[in-house]
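Residue-level listing of the chains:
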Amino acid sequence: LVELPKEDPVISEEEAAQYDRQIRLWGLDAQKRLRGSRVLLAGLGGLGAEVAKNLILAGVKGLTLLDHEKVSEESCRAQFLVPVTARGQNRAQASLERGQNLNPMVKVLADQDRVEDKPDDFFLQFDAVCLTGCSRDLMVRVDQLCSKHNIKVFCGDVYGYYGYMFCNLGKEHNYVEEKPKLVKPTGNDGPEAKKAKVDPNETTMVKKTASFCPLKEALEVDWTTEKAKAGMKKTPVDYFMLHVLLKFRTDKGRDPDPQSYPEDSRLLRQIRDDVLEALEVSADLLNDDFISYCFSEMSPVCAVVGGVLGQEVVKALSQRDPPHRNFFFFDGRKGNGVVDYFGPN
């Protein structure tokens, strides 16, 4: 497998004017790193459309939209990049024109293949890979491959009122964080004069490093260990719900469908019982309430999760600001999100 050499990105005057606000916000170097990045986005449902919009507007070098699915009635409700007249067309191709129009400076491509059919070397041309609507096995496969080649991996999905994102930025992700500048004490007497004080008008850039674990490791926590049991109270129930929904997708080849609500509800209960038993955690951990709230993609939830996911990709590629480590869960019923980390400290 051959990794392509990275180009030294250059910001033209036209791009500097286009991205003026962003350059003022996170600096020229961060924008140049973004401008030199190629991203793969698999899955052009409602969440995928939000992520695509955010990455195109942020100004990456290129974005490849990968999806073999056709535009359905549900796609038109949750996905704003496809025209209403595109029913029956390929979702990636139908999203291309509106996506490209958001920012002509970004090269947007459409790929109609199945992501499962792509060979390993296909993924190596990208700096970041974002997977939505994919199976657990595929996400684990791509994550393991990309980890070996220092390619950043993001996964995400929306199930009704619920949504999540996961990121693996490698064992050593370097970034800079803006911190208030400490001013040295003056020569005045007294204990207060000896303490360094924060200057609200000045900041300094601090270099930091974060370590991430693979998706497989994050999903295969041994909950029988004392360490895991101690952390159980801090673990959002959404983590276990994700296991159930990914198992449903593996078993049925699709997500819970409102048109099959009675059948899918019974199956979700059964999978819930099987998953919690296999993980050796309490059967009461996840009650039946989640079932009626996890059908279909909801546009407002896509907007929130897509905003977080898109921003995490931008932060990772620009190496600016601390990233989420490594799960983000959103519950639209409560209107809040939770960041949680699974893996070695």
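Residues numbered from 1 in each chain as written. Predicted model: local features only at pLDDT ≥ 70, side-chain atom pairs only at ≥ 80, totals over all residues. Heavy atoms only, no water.

Identification of the protein chain as SUMO-activating enzyme subunit 1 from Cyclopterus lumpus is taken from an unreviewed UniProt entry. Reading the Subcellular location (unreviewed entry) entry of the UniProt record for the protein chain gives the comment "Nucleus". (UniProt positions renumbered as here; feature names shortened; annotations may be inferred.)

Asks: How would you explain the overall build of the protein chain if you had to name every residue and give the values?
Replies: Each helix and strand in the protein chain was counted, giving 14 helices and 10 strands. In the protein chain, the share of contacts with a sequence separation of at least 24, taken over all contacts with a separation of at least 6, comes to 66%. For the protein chain, the accessible surface area stands at approximately 17500 Å², while carbon and sulfur atoms represent 49% of it. (Helix = DSSP H or I, 4+ residues; strand = E, 2+ residues; numbered from the N terminus. Contact = heavy atoms within 4.5 Å. Areas by Shrake-Rupley, 256 points an atom, 1.4 Å probe, with all protein chains shown as cover.)

Asks: If you had to explain helix α8 (residues 136–148) to someone new, which residues and values would you point to?
Replies: Taking 1.5 Å of rise per residue, 13 residues should cover 18 Å, and α8 covers 19 Å from first to last C-alpha, within 8% of that figure. Leu138, Met139, Val140, Val142, Asp143, Leu145 and Cys146 are the residues of α8 that are buried. At its buried positions, α8 is contacted by α7 (120–123), β4 (128–132), β5 (152–159), β6 (162–168), α10 (215–219) and α12 (237–252). Looking one or two residues beyond α8, the residue adopting positive phi is Asn150, at roughly 55°. (Expected span 1.5 Å × (residues − 1). Buried < 20%, exposed > 50% of the residue type's maximum accessible area, 1.4 Å probe, protein only.)

Asks: Give me the lowdown on the nonpolar core, citing residues and values where you can.
Replies: Counting 51 residues, the largest nonpolar core has Phe123, Val129 and Phe327 as its most contacted members. A total of 8 residues in this core trace back to one element, the largest contributor, which is α12. Residues Leu47, Phe154, Ala316 and Phe330 belong to the second largest nonpolar core, which totals 40 residues. (Core = buried A, V, L, I, M, F, W, Y, C linked by side-chain atoms within 4.5 Å.)

Asks: Kindly report on helix α4 (residues 46–58), identifying the contributing residues and their values.
Replies: An ideal rise of 1.5 Å per residue puts 18 Å on 13 residues; α4 measures up with 19 Å between its terminal C-alpha atoms. For α4, the buried fraction is high: 10 of the 13 residues fall into the buried class. Buried within α4 we find Gly46, Leu47, Gly48, Ala49, Glu50, Val51, Ala52, Leu55, Ile56 and Ala58.

Asks: Before we move on, could you go through the packing of α4 against helix α14 (residues 299–318) and cite the residues and values that matter?
Replies: At their nearest, the axes of α4 and α14 sit 8 Å apart, and the two run at 40° to each other. Judged by the angle between their axes, α4 and α14 are oblique. Between α4 and α14 lies a crossing whose hand is right-handed. Across the interface between the two elements, Gly46, Leu47, Glu50, Val51, Asn54, Leu55 and Ala58 of α4 pack against Cys302, Ala303, Val305, Gly306, Gly307, Leu309, Gly310, Val313 and Val314 of α14. Tallied by class, the residues present in the contact of α4 with α14 amount to 10 nonpolar, 5 polar and 1 charged. (Axes fitted to C-alpha atoms, helices over the stretch in contact; angles between N-to-C directions. Parallel < 35°, antiparallel > 145°, perpendicular 65-115°, else oblique. Left-handed = near helix turned anticlockwise from the far one by under 90°. Nonpolar A, V, L, I, M, F, W, Y, C, P; charged D, E, K, R; others polar.)

Asks: How would you explain unusual backbone geometry if you had to name every residue and give the values?
Replies: Here the bond from Arg325 into Asn326 is cis, since omega is -10°, no more than 30 degrees from zero. Tracing the sequence through the fold places Asn326 in the loop between α14 and β9 (327–331). One non-glycine residue with positive phi stands out, namely Asn150, at about 55°. Examined against the element boundaries, Asn150 turns out to sit in the loop between α8 and β5.

Asks: Explain the packing of α12 against helix α13 (residues 261–279) residue by residue, including any values.
Replies: Contact pair α12 / α13: the axes reach a minimum separation of 9 Å and the direction vectors enclose 120°. Comparing the axis directions of α12 and α13 gives the class oblique. Of the two elements, α12 crosses α13, and the hand of that crossing is right-handed. Contact with α12, carried on its side by Phe240, His243, Val244, Leu245, Lys247, Phe248, Asp251 and Lys252, involves Glu263, Asp264, Leu267, Leu268, Ile271, Arg272, Val275, Leu276 and Leu279 of α13 and no other residues of that element. Taken together, the residues that form the contact of α12 with α13 break down as 10 nonpolar, 1 polar and 6 charged.

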